[in-house]
Amino acid sequence: MKSRKSLSGEQKYYLADLGFYFALNTDKRINYGPALENIVYIYARSKGYDVSVARIGKLECDFILERNNTDYAYVQVCMTIMNDQGTEDREYRPLESIRDNYPKYLLTRNDLIQRRGGVEHCNIAPFMKENRTF
């Protein structure tokens, strides 16, 4: 049995305290995807970015970051892309379909770093530890 969604619809919600997520989640398995997205969301906000989510056709870009009406970046977040080629393609496809020249990032947890289609692949922890911006 899986837990019911407390919040439904097209919108994503990011919490300042992940304790709310774990308090509302009755499923014993941890879903790292939303937790990592939440961490990246809070990190981007702490760097002064406005954060939004966008659809590109049927694809979703996890984050569009904007700062000072001039700095833009696109970010996908995933636990790992090493499980199979389908997961890798699913995470890269939205970023590769964006046709402007703003930076594009794929942030994962512990994957071997690669570069594909102009997308910069980074590990989340070192990215944040080095105090990098997007």
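Residues numbered from 1 in each chain as written. Predicted model: local features only at pLDDT ≥ 70, side-chain atom pairs only at ≥ 80, totals over all residues. Heavy atoms only, no water.

Undergrad: Account for the side chain of Arg67, naming residues and giving values.
TA: Along the polypeptide, Arg67 turns up in strand E2 (residues 59-67). Looking at Arg67, its side chain comes within polar contact range of the main-chain oxygen of Lys47, at 2.9 Å. Setting aside chain neighbours within four positions, we find Arg67 in contact with Lys47, Gly48, Tyr49 and Thr133. (Helix = DSSP H or I, 4+ residues; strand = E, 2+ residues; numbered from the N terminus. Polar contact = N/O pair within 3.5 Å; in protein donor to acceptor, adjacent residues only side chain to side chain. Contact = heavy atoms within 4.5 Å.)

Undergrad: If you had to explain the packing of aromatic side chains to someone new, which residues and values would you point to?
TA: How two aromatic rings sit relative to each other is set out by the distance from centre to centre and by the angle between their planes. Counted according to the given criterion, the structure contains 8 aromatic pairs. A centroid spacing of 4.9 Å and a plane angle of 35° characterise the contact between Phe127 and Phe134, whose relative ring orientation is tilted. Joined through ring pairs, the aromatic side chains of Tyr43, Tyr49, Tyr105, Phe127 and Phe134 make up one cluster. Residue placement shows Arg67 over the ring face of Tyr49; its charged tip is 4.4 Å from the ring centre. (Phe/Tyr/Trp six-rings, centres within 6.5 Å; stacked < 30°, edge-to-face > 60°. Lys NZ or Arg CZ within 6 Å of the ring centre and 35° of its normal.)

Undergrad: Please provide a residue-by-residue account of helix H2 (residues 32-46), values included.
TA: Taking 1.5 Å per residue, 15 residues should reach 21 Å; H2 reaches 21 Å between its end C-alpha atoms and fits that length. All of the buried residues in H2 are Ala35, Leu36, Glu37, Asn38, Val40, Tyr43 and Ala44. Lining the buried residues of H2 we find strand E1 (50-56), E2, strand E3 (71-77), strand E4 (104-108) and helix H4 (124-129). Downstream of H2 by one or two residues, Gly48 has phi in the positive range, about 90°. (Expected span 1.5 Å × (residues − 1). Buried < 20%, exposed > 50% of the residue type's maximum accessible area, 1.4 Å probe, protein only.)

Undergrad: Break down helix H3 (residues 85-96) for me, citing the residues and quoting the values.
TA: Across its 12 residues, H3 extends 15 Å between first and last C-alpha, which sits within 8% of the 16 Å expected from 1.5 Å per residue. For H3, the set of buried residues is Thr87, Glu88, Glu91, Tyr92, Pro94 and Leu95. On an axial view of H3, the arc spanned by its buried residues comes to 160°, and they lie on one face. On its buried side, H3 packs onto E1, E2, E3, E4, strand E5 (115-116) and strand E6 (119-123). Its side-chain oxygen placed 2.9 Å from the backbone nitrogen of Gly86, Asp84 serves as the N-cap of H3. (Arc of directions from axis to C-beta.)

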